[in-house]
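Residue-level structure breakdown
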Amino acid sequence: MTESVSLNNIDEGDYQESNLADAIRATMKRDKKRFWAGDNISDYVKENDKKILIEEATRAFEGVLDTLLIDRETDPNSQGTARRLAKMYFNEIMAGRYDPAPDATAFPNDSEDRYEGMLVVRSELRSMCSHHHQPVSGVAYIGIIAAAKLIGLSKYTRIAQWCARRGTLQEELCNDIAREIMRATDSENIGVYIQAEHGCCTNRGIMAHSSLTQTTVLRGAFLTDPGTKKEFFDNIKLQQEFAPR
Ligand SMILES: [Zn+2]
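Heads up: these notes are all about the structure in this document. In this text, all values refer to a predicted model and were calculated from it rather than measured experimentally.

Turning to helix H9 (residues 226-242), a few remarks are in order. For H9, spanning 17 residues, the distance from its first C-alpha to its last is 24 Å, which sits close to the expected 24 Å at 1.5 Å a residue. Among the structural elements, strand S2 (118-129), strand S3 (135-145), strand S6 (190-198), strand S7 (213-219) and helix H8 (221-224) are those in contact with the buried residues of H9.

This part takes up the nonpolar core. The nonpolar side chains of a soluble globular protein tend to be buried with one another. Ranked by size, the top nonpolar core spans 26 residues in total, and within it Leu125, Tyr156, Leu173, Ile177, Ile181, Val192 and Ile194 carry the most contacts. At the level of elements, S2, S3, helix H5 (153-164), helix H6 (170-185) and S6 are the ones that each hand at least two residues to this core. With sequence-adjacent residues up to four places away left out, isoleucine 177 is seen in contact with Leu125, Ala140, Ile142, Ala160, Cys163, Val192 and Ile194. Residues Val45, Ile54, Ala86 and Tyr98 belong to the second largest nonpolar core, which totals 17 residues.

Another aspect to go through is the sheet that holds strand S5 (residues 167-168). Reading across the sheet, the five strands line up as S5-S2-S3-S6-S7 and stay open at both edges, with mixed pairing between neighbours. In this open sheet, the two strands that pair with only one neighbour each are S5 and S7. Here H5 sits on the sheet and contacts S2, S3 and S5; the angle it forms with S2, its principal contact strand, is near 25 degrees. Contacts from H6 reach S2, S3, S5, S6 and S7 within the one sheet, and its direction differs from that of S6 by about 145 degrees.

With that settled, consider the coordination of the zinc ion. Taken together, the protein donors to the zinc ion comprise Cys129 (SG), His132 (ND1) and Cys200 (SG), at separations of 2.2 to 2.4 Å. Taking relative accessible area as the criterion, cysteine 200 reaches 12% and is therefore assigned buried.

Packed helices, taken two at a time, are described by the angle between their axes plus the distance between the axes. One can describe the packing of helix H1 (residues 20-30) onto helix H2 (residues 47-67) by two numbers: an axis separation of 9 Å at closest approach and a directional angle of 115 degrees. When H1 is examined against H2, the residues Leu20, Ala21 and Ile24 are found in contact with a partner set consisting of Asp49, Ile52, Leu53 and Glu56. Considering only residue class, the contact of H1 with H2 consists of five nonpolar, no polar and two charged.

The next subject is the pattern of salt bridges. On inspection of all chains with the given rule, the structure shows 17 salt bridges. Glutamate 47 serves as the salt-bridge partner of lysine 50, at 3.7 Å between the closest nitrogen and oxygen. Of this pair, lysine 50 and glutamate 47 both sit in helix H2, three residues apart, which is roughly one turn of that helix. A residue is classified by how much of its surface remains accessible, and lysine 50, at 8% relative accessible area, is buried. Judged by its relative accessible area of 59%, glutamate 47 is exposed. One salt bridge connects lysine 50 with aspartate 99, and the closest N-O pair in it is separated by 2.9 Å. Separated by 49 residues along the polypeptide, lysine 50 in helix H2 and aspartate 99 in the loop between helix H4 (95-98) and strand S1 (106-108) bring together distant segments of the chain. When salt bridges with common partners are traced through the structure, they connect Glu55, Arg59, Glu62, Asp66, Arg72 and Arg83 into a single cluster.

Rules behind the numbers
Residues numbered from 1 in each chain as written. Predicted model: local features only at pLDDT ≥ 70, side-chain atom pairs only at ≥ 80, totals over all residues. Heavy atoms only, no water. Helix = DSSP H or I, 4+ residues; strand = E, 2+ residues; numbered from the N terminus. Expected span 1.5 Å × (residues − 1). Contact = heavy atoms within 4.5 Å. Core = buried A, V, L, I, M, F, W, Y, C linked by side-chain atoms within 4.5 Å. Buried < 20%, exposed > 50% of the residue type's maximum accessible area, 1.4 Å probe, protein only. Pairing = 2+ DSSP bridges. Axes fitted to C-alpha atoms, helices over the stretch in contact; angles between N-to-C directions. Donors = N, O, S within 2.8 Å, 3.2 Å for Na, K, Ca; no water. Nonpolar A, V, L, I, M, F, W, Y, C, P; charged D, E, K, R; others polar. Salt bridge = Lys/Arg side-chain N within 4 Å of Asp/Glu carboxyl O.

Structure below.
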């Protein structure tokens, strides 16, 4: 694989890495770019790099399966597993680390009859805990007081899912969604409430099948004005009554 390694961001004089992941990691360290499981590193991973990284991750997952003493030569169900895992990590369950932010075209909301009320959007979430790589599934309620621009309704969910498709902690995910929605809308008044089930509590550990984790992040009026906060949680209750989950 060494010859086909692309070195987009790499100063070849400084790093003599034998694979692309090592080279990209060295560049991020040099730039002091954080690359935790919940961080987006799309500035460092170009679209063409992904193919090579999937190839490298396939080799690495083959090593893990071998160490687990799973026969990937004769077990038909395990033959393509290393590649499936590699593709799944890059293209699905951790796609939000490698893909740039979804583009959220903003529309002006500054005419005389502009919308000034609260907007509450419910977004389905699928994520993965960064401690155990177990699935996290739930919903985020995103509340916002409309500012001078508005984004399309589906964009709230796209942004939330982009933040969720990484290795996350629910507390951090709540903060990440609030920050990215503020960035996309310029609104300073945001509330994000997430309730989710964690595979690391249901599939292992305490095996608690009904466990639900709730987190809330409030900014601006959602934090300082009790009326706004109450309206947000009343809206959430109304949504849950309308379509329980
Ligand atoms: Zn966990």
